[in-house]
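For reference, the chains in residue letters:
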Amino acid sequence: MRVIAGSARGIKLSAPRDRGIRPITDRVKETLFGILGERVIDARVLDLYAGSGAVGIEALSRGAAQATFVDKARAALTTITENLRRSGLAETAEVRGEDVSRYLASAAARDERFDLVVLDPPYEARAILPPLEGVVALLAPSAMVVVKHFWRTSVPVPDGLRMWRDRRFGETTLTFLEAQ
């Protein structure tokens, strides 16, 4: 796994040694950022269930203004911090070691706003809707939400979001939603 483009291009990234964490492949990440295109530049990014931090780090490398990484697993937090240090992007990042639902509630109370949110929740259908509903309150106008999920799991679309497109890679699907 590596940073594909931008200021940290070519930097190798580590993945946590945890069976519950499924790092995004370079192929999926390349397609994700190809679809997002210019939306990444100057964006405030929220990487939920961040795992290795590869998605948020790629966004920072490609010109995002800031990224917040949220994961509760200790191995993930250690890996994200190391990958940010290795890529030289730590100054524009915030790493939060807490449960996603708790983070979303506190961020809403602080009235934080994000332009791009990426969710890679556990591959269980019930794990998708609650964070998606929590994200809606944090979206800037024209924000994009991307959900990485098992291809057989449909993504419920809460009020405030609309389905834009999805893309399948074997057993993994990326579903893109836009703020309304």
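Notes on the structure follow. (Residues numbered from 1 in each chain as written. Predicted model: local features only at pLDDT ≥ 70, side-chain atom pairs only at ≥ 80, totals over all residues. Heavy atoms only, no water.)

A few words now on the sheet that holds strand β4 (residues 114-119). Read across the sheet, seven strands follow the order β3-β2-β1-β4-β5-β7-β6 without closing on themselves; strand pairing throughout is mixed. If you trace the sheet from one side to the other, it starts and ends with β3 (93-96) and β6 (161-169), each paired once. When strand polarity is set aside, the average angle formed by the axes of neighbouring strands in this sheet is 15°. Bridging between strand β2 (residues 66-70) and β3 involves four bridges; their strand directions are parallel. The partner of Val-70 across the bridge, within β3, is Arg-96. The strands touched by helix α1 (residues 26-36) are β4, β5 (139-150), β6 and β7 (172-179); relative to β6, the strand with the most contacts, the crossing angle is about 145°. Its contacts with the sheet place helix α3 (residues 74-87) against β2 and β3, and it is angled at close to 170° to β3. (Pairing = 2+ DSSP bridges. Helix = DSSP H or I, 4+ residues; strand = E, 2+ residues; numbered from the N terminus. Axes fitted to C-alpha atoms, helices over the stretch in contact; angles between N-to-C directions. Contact = heavy atoms within 4.5 Å.)

Across all of its chains, the model carries two aromatic pairs by this definition. Relative to Trp-151, the ring of Phe-150 lies with its centre 6.3 Å away and its plane at 50°, an arrangement referred to as tilted. Judged by its relative accessible area of 31%, Trp-151 falls in the partly exposed class. Pairing Trp-164 with Phe-176 gives two aromatic rings, centres 5.9 Å apart and planes at 80°, and the pair type is edge-to-face. One end of the pair, Trp-164, is in strand β6; the other, Phe-176, is in strand β7, with 12 residues separating them in the sequence. Judged by relative accessible area, which is 0%, Phe-176 ranks as buried. (Phe/Tyr/Trp six-rings, centres within 6.5 Å; stacked < 30°, edge-to-face > 60°. Buried < 20%, exposed > 50% of the residue type's maximum accessible area, 1.4 Å probe, protein only.)

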